[in-house]
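So the chains spell out like this:
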Amino acid sequence: MGVHEIKPGDVLLAVEDISLSFGAVRAISDVSFDIRKGEVRAIIGPNGAGKTSMLNCINGFYHPQQGTITYKGQKRSAMKPYEAAAQGIARTFQNVALFKGMSTLDNIMTGRNLKMKSNLLTSMIWWGKAEKEELEHRRFVEDIIDFLEIEAIRKTPVGRLPYGLQKRVELGRALAAEPELLLLDEPMAGMNLEEKEDMCRFILDVNDEFGTTICLIEHDMGVVMDISDRVMVLDYGGKIGDGVPEEVRTNQNVIDAYLGGGH
Ligand SMILES: Nc1ncnc2c1ncn2[C@@H]1O[C@H](COP(=O)(O)OP(=O)(O)OP(=O)(O)O)[C@@H](O)[C@H]1O
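Since the structure is predicted, the reported quantities are computational estimates derived from the model, not experimental observations.

1. What to know about the domain arrangement of the protein chain
Stage number 1. Splitting the protein chain by domain gives domain 1 (1-88 + 179-263) and domain 2 (100-178).
Stage number 2. Computed from C-alpha coordinates alone, the two centres of domain 1 and domain 2 are separated by 26 Å.
Stage number 3. Contacts between domain 1 and domain 2 engage 11 residues on the former and 10 residues on the latter.
Stage number 4. Counting residues per element, the ones that place at least two in the side of domain 1 that touches domain 2 are helix 2 (81-86) and helix 7 (193-210).
Stage number 5. Of all the elements, helix 7 adds the most residues to the side of domain 1 that touches domain 2, at 4 residues.
Stage number 6. For the side of domain 1 that touches domain 2, a count of residues per class yields 9 nonpolar, 1 polar and 1 charged.

2. Overview of the site of the ligand
Stage number 1. As a structural note, the neighbourhood of the ligand is formed by Phe22, Val25, Ala27, Gly45, Asn47, Gly48, Ala49, Gly50, Lys51, Thr52 and Ser53.
Stage number 2. Elements supplying a minimum of two residues to the shell around the ligand: strand 2 (25-36) and helix 1 (51-58).
Stage number 3. Counting residues per element, the shell around the ligand draws most heavily on helix 1, which supplies 3 residues.
Stage number 4. For the shell around the ligand, the per-class residue count stands at 4 nonpolar, 6 polar and 1 charged.

3. Examining the sheet that holds strand 2
Stage number 1. Sheet architecture is open: 4 strands sit in the order 2-1-4-5, paired in antiparallel fashion. With one partner strand each, in any of the chains shown, strand 2 and strand 5 (74-75) form the two edges of the open sheet.
Stage number 2. Bridge count between strand 4 (residues 66-71) and strand 5: 2 bridges; the pairing is antiparallel. Within the sheet, the bridge partner assigned to Tyr71 lies in strand 5 and is Gln74.
Stage number 3. Taken strand by strand, helix 1 contacts strand 1 (11-22), strand 2 and strand 4, and its axis lies near 120° from that of strand 1.

4. A look at the pairing of strand 2
Stage number 1. With 8 bridges joining them, strand 1 and strand 2 adopt antiparallel strand pairing. When the sheet's bridge partners are listed, Val11 is paired in strand 2 with Arg36.
Stage number 2. Once strand 1 ends, the chain turns through 2 residues before running back antiparallel as strand 2, passing Gly23 with a positive phi of about 55°.

So, how was this worked out
Residues numbered from 1 in each chain as written. Predicted model: local features only at pLDDT ≥ 70, side-chain atom pairs only at ≥ 80, totals over all residues. Domains from an automatic or database assignment. Contact = placed C-beta atoms within 7 Å. Helix = DSSP H or I, 4+ residues; strand = E, 2+ residues; numbered from the N terminus. Nonpolar A, V, L, I, M, F, W, Y, C, P; charged D, E, K, R; others polar. Near = placed C-beta within 6 Å. Pairing = 2+ DSSP bridges. Axes fitted to C-alpha atoms, helices over the stretch in contact; angles between N-to-C directions.

Shown next as structure tokens:
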């Protein structure tokens, strides 16, 4: 696609001066920040600060009225979510968005759709080829299931699983697309301590073992500071801090926004 190769540490995605409004509500005001290849990047901020809106801009759900987003060196125009997905951007949602009646295995398999080349016509003509491809995809999905340690629930309808496991299945579905950039919206929300520790470990393993770049929104400050390389802080739609965890922890604007809290 004429996109130059990105080395670890290079900028994978750059957001420049973007603003997004819904009528009179300004969700994002003139925010610039970047995500480097191979890092774990966090976006934090009080409720309503614009964090989810930012992820929605990155994966094409929302189109900012101002500013630009450059992914792998290419400035994007108004991109649709499926186009972002085709270019290697996957995401999970604040509230689990899985097919509740379907098994863990089948839910993760749906994340593989983009990678499947065979359609009905080719599978009628090239039945053997399509079957082989299907087998390869199943093997890939089984590997994800092993990696996330969810073999025991592979046939269980996800609606019957506890919330923490559903979040893990959702992570599996996103991984099935073999993303280059993985966006996680509050991956640990609603989890107990043990589930949070597990999820942290999986996020770091995905980053380490697959080299996947990760951008996450998370409210648990301990977790954010532990697992992120850099943290960007939003408040009332504007950026008030950006840097390594230590810089952000000691940033007076950030301390004030959190102490002022409750908005
Ligand atoms: N589709 C929409 N229509 C109208 N207003 C919206 C929409 N999406 C977001 N907003 C508004 O934009 C602002 C930022 O919302 P956003 O969900 O991005 O914040 P957030 O930081 O993710 O909050 P939280 O931590 O509570 O999830 C809020 O005032 C919200 O009400």
